[in-house]
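Here is how the chains run, residue by residue.
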Amino acid sequence: AIPQTYGLPIFEGDFEAFSVLDGKQRFTTIFSYMKNGFKLSDNTPSIYRKNTRIVTDEEGQRRRETVREEYEIAGKYFSELEGYLQEKLNERLISVVMLTDATDEEIEDQFYRLNNGTALTKDQKTRVVLGDELAEFIDKVEASEFFAKKSYFTSLQRKRGEIQTCILQTLMLIMDFPFKNFNNDATMEFAEWFRTNHKKSDLEYCEEIFEKLNTAIPMQEKPYKLMKKTNIPILAYHVQTIDEKNLTLEEYGRWIVKFFESYTPNCEYASYCGQSSTSKSKVMARLEYVKNRLNELEV
């Protein structure tokens, strides 16, 4: 049986559109499998199905007989399953418990219970502060090619919501928000402000910034390890300045690759990372460093 999932309605009275509070991994895994995104493990146990057939006994009497047949599904894509199994999966219902008219405290309490007493991380609390509309927007940006294939986040970092924080920190920079630092408390403070003060054009501009950064960065087998939360907001911010410097996205991408390849723990830029990297002084120092290097490329 598939455990119940929990959702928050995006629109009042509409239970077809909802954000997922608990169960996102179940939904995405099932969807990916049914789109032939992966095959089942070679260790997946066989299933048994009941098959009814007509047999004739020794006295010539015909009767129905139900037999239990083994069917191997290990190593198979969805499209390789027998038709009746595909139909069963297509028809399978997943129970979603909707939390309606819930306060932020009630939502957090429910999340706490669902995760066996694990308290919300500050990144996850920020998601609650964002509200459904902005949380859905963040999910959309997070699902983009840049964050899916060209950024370097561990599975744990993704699960903890660090991509969300990275996107919000980028917004803090491009919107000239007067941040005190880049820690989680400051990000949550920005999320509260942004929920009330954002415009649709702000969201569109944010998407455009990451689309351009994605275009600039060449695809490779594994993402650059430096394409992480410390550096992404800085590089995304400067996407908006390269037009002023007559630089193309391709030229910016080549500079980023060269920058990553020449990076050493003892270089100047490294001194603005590491310990206290979320302090405003070090965030601004990283911004200034990239700006100065790009000025050297200006034609």
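Digging into unusual backbone geometry
Thinking step 1. In the Ramachandran plot, Asn36 falls in the positive-phi region, its phi being about 65 degrees despite a non-glycine side chain.
Thinking step 2. With respect to the element layout, Asn36 can be found in the loop between helix H1 (24-34) and strand S3 (47-56).
Thinking step 3. For Ser276, which is not glycine, the phi dihedral falls at a positive 60 degrees.
Thinking step 4. Overall, the relative accessible area of 45% leaves Ser276 in the partly exposed class.

Some remarks on the nonpolar core
Thinking step 1. Phe147, Ile167, Phe210, Leu213, Met227, Tyr252 and Ile256 are the most contacted members of the largest nonpolar core, which has 56 residues in total.
Thinking step 2. Within the residue set of this core, elements represented by two or more residues are helix H4 (122-142), helix H5 (145-150), helix H7 (162-174), helix H8 (184-197), helix H9 (200-216), helix H10 (232-237), helix H11 (249-262) and helix H12 (280-297).
Thinking step 3. Here this core gets eight residues from one element, more than from any other, and that element is H7.
Thinking step 4. Apart from residues no more than four positions distant in its own chain, Phe210 is found in contact with Val141, Phe146, Phe147, Ile167, Thr170, Ile232 and Ala236.
Thinking step 5. Among the nonpolar cores identified, the runner-up in size contains six residues, and Tyr33, Tyr71, Phe78 and Leu81 belong to it.

A few points about H11
Thinking step 1. Taking 1.5 Å of rise per residue, the 14 residues of H11 would be expected to cover 20 Å, and the 20 Å separating its terminal C-alpha atoms lies within 8% of that figure.
Thinking step 2. Tyr252, Gly253, Trp255, Ile256, Val257, Phe259 and Phe260 are the residues of H11 that are buried.
Thinking step 3. Looking at the buried residues of H11, the elements they touch are H9, H10 and H12.

A closer look at the side chain of Ser151
Thinking step 1. Within the secondary structure, Ser151 sits in the loop between H5 and helix H6 (155-160).
Thinking step 2. Take Ser151: its relative accessible area is 2%, and that puts it in the buried class.
Thinking step 3. Among the polar contacts made by the side chain of Ser151, one reaches the main-chain carbonyl oxygen of Phe147 at a distance of 2.9 Å.
Thinking step 4. What Ser151 contacts, discounting residues up to four positions off in sequence, is Phe146, Arg158, Pro223, Met227 and Ile232.

Criteria and cut-off values
Residues numbered from 1 in each chain as written. Predicted model: local features only at pLDDT ≥ 70, side-chain atom pairs only at ≥ 80, totals over all residues. Heavy atoms only, no water. Helix = DSSP H or I, 4+ residues; strand = E, 2+ residues; numbered from the N terminus. Buried < 20%, exposed > 50% of the residue type's maximum accessible area, 1.4 Å probe, protein only. Core = buried A, V, L, I, M, F, W, Y, C linked by side-chain atoms within 4.5 Å. Contact = heavy atoms within 4.5 Å. Expected span 1.5 Å × (residues − 1). Polar contact = N/O pair within 3.5 Å; in protein donor to acceptor, adjacent residues only side chain to side chain.

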